[in-house]
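# Observations on the model geometry
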Amino acid sequence: MPSTVQLSSLLESGEHLVTDGALATELEARGCNLDDPLWSAKVLVENPHLIRDVHRDYFSAGARIATTASYQATPQGFARRGMGGQDALELVALSVRLADEARRAHLAATPGAGALLIAGSVGPYGAYLADGSEYRGDYTLRKEEFMDFHRPRVAALVAAGADFLACETLPSFAEAEALAALMDEFGAESWFSFSLRDGAHISDGTPLTAVAGLLDANPLVAAIGVNCVPLHLVTPALAALQSATAKPLVAYPNSGETYDPVTKTWGPTTAPGEGNRDAHPVDPAAGVARWLDHGARIIGGCCRTAPTDIAAVGQALAAQR
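Residues numbered from 1 in each chain as written. Predicted model: local features only at pLDDT ≥ 70, side-chain atom pairs only at ≥ 80, totals over all residues. Heavy atoms only, no water.

### Some points on the overall build of the chain
Of the regular secondary structure elements, the chain holds 13 helices and 12 strands. A compact globule built from 321 residues should have a C-alpha radius of gyration of about 20 Å, and the chain, at 18 Å, falls within 12% of that. For the chain, the spread of C-alpha atoms along the principal axes amounts to about 50 × 45 × 40 Å. Taking all contacts inside the chain whose residues are at least 6 apart in sequence as the whole, residues at least 24 apart take part in 76%. Total accessible area computed for the chain in this model is approximately 12,200 Å², and 51% of it derives from carbon and sulfur atoms. Counting 23 positive and 37 negative side-chain charges, the chain places the averaged centre of each group 3 Å from the other. (Helix = DSSP H or I, 4+ residues; strand = E, 2+ residues; numbered from the N terminus. Rg over C-alpha atoms; globule rule 2.2 N^0.38 Å. Contact = heavy atoms within 4.5 Å. Areas by Shrake-Rupley, 256 points an atom, 1.4 Å probe, with all protein chains shown as cover. Lys, Arg positive; Asp, Glu negative; His and termini not counted. Charge placed at Lys NZ, Arg CZ, Asp CG, Glu CD.)

### A look at the confidence of the model for the chain
On average, residues of the chain score 91 in pLDDT, and 91% of them reach the 70 mark or higher. Low pLDDT (under 50) marks residues 272–279, which in the prediction has 13 contacts with non-local residues, meaning those over four places away or in another chain. (pLDDT = per-residue confidence, 0-100.)

### Notes on the pairing of strand 8 (residues 221–227)
With respect to burial, strand 8 is a largely interior element, seven of its seven residues being buried. Both strand 5 (residues 190–194) and strand 8 contribute to a ladder of five bridges, which runs parallel. The residue of strand 8 that forms the bridge with phenylalanine 192 is isoleucine 224. With four bridges connecting them, strand 8 and strand 9 (residues 249–252) associate as parallel partners. Looking at strand 9, one finds that glycine 225 is bridged to valine 250. Handedness of the crossover joining strand 8 and strand 9 through helix 11 (residues 231–242): right-handed. (Buried < 20%, exposed > 50% of the residue type's maximum accessible area, 1.4 Å probe, protein only. Pairing = 2+ DSSP bridges. Right-handed = clockwise from strand over helix to strand, strands pointing away.)

### Describing the pairing of strand 5
Summarising burial for strand 5: five of the five residues are buried, a large majority. Relative to strand 5, strand 4 (residues 164–170) runs parallel, the two being bridged by four bridges. In the sheet register, leucine 170 faces strand 5, and the bridge partner there is phenylalanine 194. Note that the unit made of strand 4, helix 9 (residues 173–186) and strand 5 has a crossover that is right-handed.

### What about the UniProt feature "binding site: Zn(2+)" (unreviewed entry) in the chain?
Summarizing the sequence annotation, UniProt attributes the feature "binding site: Zn(2+)" (unreviewed entry) to Cys228, Cys302 and Cys303 in the numbering used throughout. These annotated residues cover 76 residues of sequence, and their C-alpha atoms lie no more than 6.3 Å from one another, placing them together at a single site. Assignment of secondary structure puts cysteine 302 in the loop between strand 12 (296–299) and helix 13 (307–319). With relative accessibility at 13%, the residue cysteine 302 sits in the buried group. In this view, cysteine 302 contacts Gly21, Ala22, Asn227, Cys228, Tyr252, Pro253 and Asn254; residues no more than four positions away in its chain are not counted. (UniProt positions renumbered as here; feature names shortened; annotations may be inferred.)

### Focus on the nonpolar core
Leu44, Phe192 and Phe194 are the most contacted members of the largest nonpolar core, which totals 82 residues. It is helix 6 (residues 85–109) that contributes the most residues to this core, eight residues altogether. With sequence-adjacent residues up to four places away left out, leucine 44 is seen in contact with Ile51, Ala69, Ala73, Leu91, Leu94, Ser95 and Leu98. (Core = buried A, V, L, I, M, F, W, Y, C linked by side-chain atoms within 4.5 Å.)

### Focus: helix 4 (residues 48–60)
With 13 residues, helix 4 extends 19 Å between its outermost C-alpha atoms, agreeing within 8% with the 18 Å of an ideal straight helix rising 1.5 Å per residue. Buried residues along helix 4 sit in contact with helix 2 (24–29), helix 3 (42–46), strand 2 (65–67), helix 6 and helix 13. A positive backbone phi angle near 115 degrees is found at glycine 62, which sits one or two residues after helix 4. (Expected span 1.5 Å × (residues − 1).)

### A short note on the packing of aromatic side chains
Tallying each qualifying case throughout the model produces eight aromatic pairs. Aromatic pair tyrosine 125 and tyrosine 128: ring centres 5.6 Å apart, planes at 55 degrees, arrangement tilted. One end of the pair, tyrosine 125, and the other, tyrosine 128, are both in helix 7 (residues 125–129), three residues apart, so they sit about a helical turn from each other. By relative accessible area, which is 16% here, tyrosine 125 ends up buried. On the basis of relative accessible area, tyrosine 128 is assigned to the buried category, the value being 18%. Judged by centre distance (5.4 Å) and plane angle (45 degrees), the rings of tyrosine 128 and phenylalanine 149 are tilted. Taken as a pair, tyrosine 128 in helix 7 and phenylalanine 149 in helix 8 (residues 143–160) lie far apart in primary sequence, 21 residues in all. (Phe/Tyr/Trp six-rings, centres within 6.5 Å; stacked < 30°, edge-to-face > 60°.)

### Quick word on the sheet that holds strand 8
In spatial order, the strands read 1-12-9-8-5-4-3-2; together these eight strands make up an open sheet with parallel pairing. On the outer flanks of this sheet lie strand 1 (17–18) and strand 2, each paired with one strand and no other.

### Some remarks on the packing of helix 10 (residues 208–215) against helix 11
Closest axis-to-axis distance for the helix 10/helix 11 pair is 8 Å, and the angle between their directions is 45 degrees. Considered as vectors, helix 10 and helix 11 are oriented oblique to each other. For the crossing formed where helix 10 meets helix 11, the hand is right-handed. The residues of helix 11 that touch helix 10, namely those facing Leu208, Thr209 and Ala212, are Ala237, Ala240 and Leu241. (Axes fitted to C-alpha atoms, helices over the stretch in contact; angles between N-to-C directions. Parallel < 35°, antiparallel > 145°, perpendicular 65-115°, else oblique. Left-handed = near helix turned anticlockwise from the far one by under 90°.)

This is the structure in C-alpha coordinates:
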(Lines give C-alpha, C1' and ligand atoms only; values in the text may rest on other atoms or scores of the structure.)
Protein backbone atom coordinates (compact mmCIF):
# COMPACT_ATOMS: atom_id res chain seq x y z
CA MET A 1 0.00 0.00 0.00
CA PRO A 2 1.38 3.43 -0.89
CA SER A 3 1.79 6.08 1.78
CA THR A 4 -1.04 8.56 2.22
CA VAL A 5 1.56 11.35 2.08
CA GLN A 6 3.17 12.56 -1.13
CA LEU A 7 6.82 13.51 -1.43
CA SER A 8 5.85 16.94 -2.76
CA SER A 9 3.56 17.50 0.23
CA LEU A 10 6.34 16.75 2.68
CA LEU A 11 8.69 19.10 0.87
CA GLU A 12 6.08 21.85 0.61
CA SER A 13 5.53 21.59 4.37
CA GLY A 14 9.18 22.47 4.90
CA GLU A 15 10.52 19.02 5.75
CA HIS A 16 14.11 17.99 5.07
CA LEU A 17 14.34 14.27 4.38
CA VAL A 18 17.05 11.68 4.79
CA THR A 19 17.04 9.07 2.06
CA ASP A 20 18.79 5.72 2.21
CA GLY A 21 22.26 4.64 1.13
CA ALA A 22 23.74 1.91 -1.01
CA LEU A 23 21.72 -1.26 -1.47
CA ALA A 24 24.33 -3.26 -3.36
CA THR A 25 27.09 -2.50 -0.86
CA GLU A 26 24.98 -3.85 1.98
CA LEU A 27 23.94 -6.91 0.00
CA GLU A 28 27.59 -7.68 -0.71
CA ALA A 29 28.29 -7.33 3.00
CA ARG A 30 25.68 -10.04 3.53
CA GLY A 31 27.51 -12.39 1.18
CA CYS A 32 25.78 -11.69 -2.14
CA ASN A 33 27.89 -11.95 -5.29
CA LEU A 34 26.76 -9.06 -7.49
CA ASP A 35 29.27 -9.56 -10.29
CA ASP A 36 26.40 -9.89 -12.72
CA PRO A 37 24.71 -7.65 -15.32
CA LEU A 38 21.60 -7.66 -13.12
CA TRP A 39 23.61 -6.28 -10.16
CA SER A 40 21.36 -5.95 -7.08
CA ALA A 41 18.31 -7.06 -9.10
CA LYS A 42 19.91 -10.51 -9.09
CA VAL A 43 19.05 -10.74 -5.38
CA LEU A 44 15.34 -10.33 -6.16
CA VAL A 45 15.61 -13.79 -7.70
CA GLU A 46 17.97 -15.45 -5.25
CA ASN A 47 17.59 -13.94 -1.75
CA PRO A 48 14.80 -11.35 -1.66
CA HIS A 49 14.58 -11.40 2.13
CA LEU A 50 18.04 -9.83 2.27
CA ILE A 51 16.74 -6.81 0.38
CA ARG A 52 13.97 -6.39 2.95
CA ASP A 53 16.56 -6.60 5.72
CA VAL A 54 18.68 -3.85 4.15
CA HIS A 55 15.65 -1.58 3.82
CA ARG A 56 14.85 -2.19 7.47
CA ASP A 57 18.42 -1.31 8.49
CA TYR A 58 18.22 2.00 6.64
CA PHE A 59 14.90 2.87 8.23
CA SER A 60 16.43 2.04 11.61
CA ALA A 61 19.32 4.38 10.77
CA GLY A 62 16.88 7.23 10.24
CA ALA A 63 16.11 7.12 6.54
CA ARG A 64 12.64 8.33 5.60
CA ILE A 65 12.85 6.96 2.06
CA ALA A 66 13.59 3.42 0.85
CA THR A 67 14.71 3.04 -2.75
CA THR A 68 13.59 -0.20 -4.38
CA ALA A 69 15.92 -2.86 -5.81
CA SER A 70 14.69 -2.13 -9.34
CA TYR A 71 17.57 0.00 -10.63
CA GLN A 72 18.60 -2.73 -13.08
CA ALA A 73 15.40 -4.76 -12.93
CA THR A 74 14.04 -4.59 -16.48
CA PRO A 75 12.30 -7.17 -18.66
CA GLN A 76 15.16 -6.82 -21.14
CA GLY A 77 17.75 -7.54 -18.47
CA PHE A 78 15.91 -10.53 -17.04
CA ALA A 79 15.36 -11.88 -20.58
CA ARG A 80 19.11 -12.44 -20.77
CA ARG A 81 18.60 -14.93 -17.94
CA GLY A 82 15.83 -16.71 -19.86
CA MET A 83 13.02 -15.12 -17.88
CA GLY A 84 9.73 -14.12 -19.48
CA GLY A 85 8.39 -10.59 -19.41
CA GLN A 86 5.59 -11.22 -16.91
CA ASP A 87 7.93 -12.97 -14.49
CA ALA A 88 10.33 -10.03 -14.76
CA LEU A 89 7.61 -7.52 -13.99
CA GLU A 90 6.52 -9.57 -11.00
CA LEU A 91 10.06 -9.18 -9.66
CA VAL A 92 9.83 -5.42 -10.18
CA ALA A 93 6.61 -5.45 -8.16
CA LEU A 94 8.33 -7.60 -5.54
CA SER A 95 10.94 -4.87 -5.07
CA VAL A 96 8.16 -2.53 -3.94
CA ARG A 97 6.57 -5.12 -1.64
CA LEU A 98 9.89 -5.81 0.07
CA ALA A 99 10.36 -2.11 0.82
CA ASP A 100 6.79 -1.89 2.07
CA GLU A 101 7.27 -4.90 4.35
CA ALA A 102 10.34 -3.21 5.82
CA ARG A 103 8.38 0.03 6.27
CA ARG A 104 5.52 -1.74 8.03
CA ALA A 105 7.90 -3.59 10.33
CA HIS A 106 9.76 -0.41 11.21
CA LEU A 107 6.58 1.57 11.88
CA ALA A 108 5.27 -1.24 14.09
CA ALA A 109 8.46 -1.07 16.15
CA THR A 110 8.86 2.72 15.95
CA PRO A 111 5.41 4.33 15.71
CA GLY A 112 6.85 7.85 15.91
CA ALA A 113 9.06 7.48 12.86
CA GLY A 114 6.87 9.79 10.78
CA ALA A 115 5.91 9.35 7.16
CA LEU A 116 8.11 6.82 5.35
CA LEU A 117 8.12 6.72 1.57
CA ILE A 118 9.05 4.16 -1.06
CA ALA A 119 10.92 5.41 -4.12
CA GLY A 120 10.60 3.14 -7.14
CA SER A 121 14.07 3.13 -8.66
CA VAL A 122 14.22 3.74 -12.41
CA GLY A 123 17.81 3.34 -13.50
CA PRO A 124 18.97 4.58 -16.92
CA TYR A 125 19.31 2.59 -20.11
CA GLY A 126 23.05 2.60 -19.45
CA ALA A 127 22.51 0.50 -16.33
CA TYR A 128 20.91 -2.21 -18.46
CA LEU A 129 23.97 -2.13 -20.74
CA ALA A 130 26.07 -2.92 -17.63
CA ASP A 131 29.17 -1.31 -19.11
CA GLY A 132 29.43 1.81 -16.98
CA SER A 133 27.71 4.01 -19.54
CA GLU A 134 25.39 5.49 -16.91
CA TYR A 135 28.51 7.50 -16.02
CA ARG A 136 29.17 8.51 -19.64
CA GLY A 137 25.83 8.86 -21.40
CA ASP A 138 27.42 7.74 -24.67
CA TYR A 139 24.38 5.91 -26.04
CA THR A 140 21.69 7.19 -28.36
CA LEU A 141 18.09 6.10 -28.74
CA ARG A 142 15.08 7.89 -30.17
CA LYS A 143 12.65 9.29 -27.59
CA GLU A 144 10.09 6.59 -28.39
CA GLU A 145 12.75 3.89 -27.92
CA PHE A 146 13.70 5.24 -24.51
CA MET A 147 10.03 5.36 -23.53
CA ASP A 148 9.39 1.83 -24.78
CA PHE A 149 12.38 0.58 -22.78
CA HIS A 150 11.32 2.22 -19.51
CA ARG A 151 7.51 1.94 -19.78
CA PRO A 152 7.01 -1.65 -18.52
CA ARG A 153 9.09 -1.11 -15.37
CA VAL A 154 7.48 2.27 -14.68
CA ALA A 155 4.04 0.70 -15.05
CA ALA A 156 4.95 -2.16 -12.70
CA LEU A 157 6.36 0.17 -10.04
CA VAL A 158 3.31 2.42 -10.15
CA ALA A 159 0.89 -0.52 -10.05
CA ALA A 160 2.76 -2.07 -7.11
CA GLY A 161 2.27 1.07 -5.05
CA ALA A 162 5.58 2.94 -5.09
CA ASP A 163 4.96 6.37 -3.57
CA PHE A 164 7.02 8.09 -6.24
CA LEU A 165 9.66 7.19 -8.81
CA ALA A 166 13.36 7.95 -8.49
CA CYS A 167 14.66 8.45 -12.03
CA GLU A 168 18.28 8.22 -11.01
CA THR A 169 21.89 8.23 -12.18
CA LEU A 170 20.69 9.70 -15.46
CA PRO A 171 23.58 10.62 -17.77
CA SER A 172 21.57 11.69 -20.81
CA PHE A 173 19.43 14.75 -21.50
CA ALA A 174 17.51 12.89 -24.20
CA GLU A 175 16.72 10.08 -21.79
CA ALA A 176 15.58 12.57 -19.16
CA GLU A 177 13.21 14.10 -21.74
CA ALA A 178 11.76 10.65 -22.44
CA LEU A 179 11.36 9.81 -18.76
CA ALA A 180 9.68 13.14 -18.07
CA ALA A 181 7.17 12.29 -20.80
CA LEU A 182 6.59 8.89 -19.16
CA MET A 183 5.96 10.52 -15.78
CA ASP A 184 3.29 12.62 -17.49
CA GLU A 185 1.86 9.52 -19.16
CA PHE A 186 1.46 7.73 -15.82
CA GLY A 187 0.76 10.79 -13.66
CA ALA A 188 3.64 9.64 -11.46
CA GLU A 189 5.37 11.93 -9.00
CA SER A 190 9.14 11.68 -9.26
CA TRP A 191 12.55 13.05 -8.60
CA PHE A 192 15.23 13.24 -11.28
CA SER A 193 18.89 12.86 -10.31
CA PHE A 194 21.88 12.83 -12.62
CA SER A 195 25.42 11.54 -12.91
CA LEU A 196 28.02 14.21 -13.68
CA ARG A 197 30.89 14.97 -16.01
CA ASP A 198 31.89 17.88 -13.76
CA GLY A 199 30.24 20.30 -11.35
CA ALA A 200 28.32 22.07 -14.11
CA HIS A 201 27.40 19.31 -16.61
CA ILE A 202 25.72 15.93 -16.58
CA SER A 203 27.64 13.00 -18.03
CA ASP A 204 26.69 13.60 -21.67
CA GLY A 205 27.89 17.21 -21.43
CA THR A 206 24.50 18.91 -21.06
CA PRO A 207 24.65 21.89 -18.67
CA LEU A 208 22.84 21.32 -15.40
CA THR A 209 21.03 24.60 -16.00
CA ALA A 210 19.50 23.09 -19.15
CA VAL A 211 18.41 20.02 -17.17
CA ALA A 212 16.76 22.29 -14.60
CA GLY A 213 15.06 24.16 -17.42
CA LEU A 214 13.63 20.93 -18.79
CA LEU A 215 12.12 19.86 -15.47
CA ASP A 216 11.40 23.12 -13.64
CA ALA A 217 7.84 23.62 -14.89
CA ASN A 218 6.76 19.99 -14.51
CA PRO A 219 4.51 19.70 -11.43
CA LEU A 220 5.12 15.95 -11.22
CA VAL A 221 8.84 16.46 -10.62
CA ALA A 222 9.12 17.01 -6.86
CA ALA A 223 12.90 17.42 -6.75
CA ILE A 224 15.96 17.59 -8.99
CA GLY A 225 19.52 16.68 -8.12
CA VAL A 226 22.54 14.43 -8.37
CA ASN A 227 23.45 10.95 -7.22
CA CYS A 228 26.37 8.53 -7.32
CA VAL A 229 28.75 11.43 -7.87
CA PRO A 230 31.99 12.22 -6.04
CA LEU A 231 31.53 14.27 -2.89
CA HIS A 232 33.51 17.24 -4.20
CA LEU A 233 31.11 17.74 -7.13
CA VAL A 234 27.93 17.98 -5.06
CA THR A 235 28.23 21.61 -3.96
CA PRO A 236 29.00 23.09 -7.41
CA ALA A 237 26.29 20.94 -8.98
CA LEU A 238 23.69 22.08 -6.47
CA ALA A 239 24.77 25.68 -6.99
CA ALA A 240 24.25 25.30 -10.75
CA LEU A 241 20.81 23.77 -10.27
CA GLN A 242 19.83 26.34 -7.65
CA SER A 243 20.58 29.12 -10.12
CA ALA A 244 18.06 27.69 -12.57
CA THR A 245 15.20 26.23 -10.51
CA ALA A 246 13.31 26.89 -7.31
CA LYS A 247 12.46 23.20 -6.92
CA PRO A 248 13.82 21.32 -3.90
CA LEU A 249 17.14 19.66 -4.62
CA VAL A 250 18.26 16.11 -3.85
CA ALA A 251 21.81 14.88 -3.28
CA TYR A 252 22.96 11.35 -2.56
CA PRO A 253 26.61 11.02 -3.55
CA ASN A 254 28.80 7.97 -3.42
CA SER A 255 31.52 7.55 -0.82
CA GLY A 256 34.02 9.62 -2.79
CA GLU A 257 35.93 6.65 -4.14
CA THR A 258 36.56 6.27 -7.86
CA TYR A 259 34.62 3.63 -9.84
CA ASP A 260 36.29 1.73 -12.69
CA PRO A 261 33.46 0.51 -14.99
CA VAL A 262 35.79 -1.89 -16.77
CA THR A 263 36.88 -3.85 -13.71
CA LYS A 264 33.70 -2.91 -11.77
CA THR A 265 35.82 -2.04 -8.75
CA TRP A 266 36.23 0.99 -6.51
CA GLY A 267 39.54 2.67 -5.75
CA PRO A 268 40.78 5.62 -3.70
CA THR A 269 39.36 9.05 -4.41
CA THR A 270 41.27 11.33 -6.74
CA ALA A 271 39.32 14.40 -5.68
CA PRO A 272 41.26 17.61 -5.02
CA GLY A 273 41.55 18.49 -1.39
CA GLU A 274 41.53 14.86 -0.28
CA GLY A 275 41.37 14.67 3.49
CA ASN A 276 40.81 18.42 3.86
CA ARG A 277 37.35 19.00 5.31
CA ASP A 278 37.59 22.71 4.61
CA ALA A 279 38.17 22.06 0.90
CA HIS A 280 35.80 19.15 0.33
CA PRO A 281 33.63 16.88 2.46
CA VAL A 282 35.18 13.51 3.16
CA ASP A 283 31.89 11.76 3.86
CA PRO A 284 28.23 12.57 3.13
CA ALA A 285 27.53 13.90 6.63
CA ALA A 286 30.38 16.40 6.37
CA GLY A 287 28.72 18.01 3.37
CA VAL A 288 25.24 18.40 4.85
CA ALA A 289 25.54 22.02 6.04
CA ARG A 290 26.79 23.41 2.74
CA TRP A 291 24.39 21.27 0.69
CA LEU A 292 21.49 22.67 2.70
CA ASP A 293 22.79 26.16 1.94
CA HIS A 294 22.62 25.29 -1.75
CA GLY A 295 19.03 24.11 -1.72
CA ALA A 296 19.26 20.42 -0.82
CA ARG A 297 16.12 19.17 0.88
CA ILE A 298 16.72 15.41 0.47
CA ILE A 299 20.14 14.02 1.38
CA GLY A 300 21.48 10.47 1.55
CA GLY A 301 24.11 8.23 0.04
CA CYS A 302 24.74 6.05 -2.97
CA CYS A 303 27.41 3.45 -3.77
CA ARG A 304 29.76 2.44 -0.94
CA THR A 305 27.71 4.17 1.75
CA ALA A 306 26.12 2.27 4.63
CA PRO A 307 23.51 2.68 7.39
CA THR A 308 26.15 4.26 9.61
CA ASP A 309 26.64 7.00 7.00
CA ILE A 310 22.90 7.59 6.78
CA ALA A 311 22.64 7.82 10.56
CA ALA A 312 25.44 10.42 10.48
CA VAL A 313 23.62 12.37 7.75
CA GLY A 314 20.49 12.41 9.92
CA GLN A 315 22.46 13.66 12.91
CA ALA A 316 24.11 16.39 10.82
CA LEU A 317 20.73 17.41 9.43
CA ALA A 318 19.22 17.58 12.91
CA ALA A 319 22.12 19.75 14.08
CA GLN A 320 21.27 22.35 11.43
CA ARG A 321 17.67 22.79 12.52
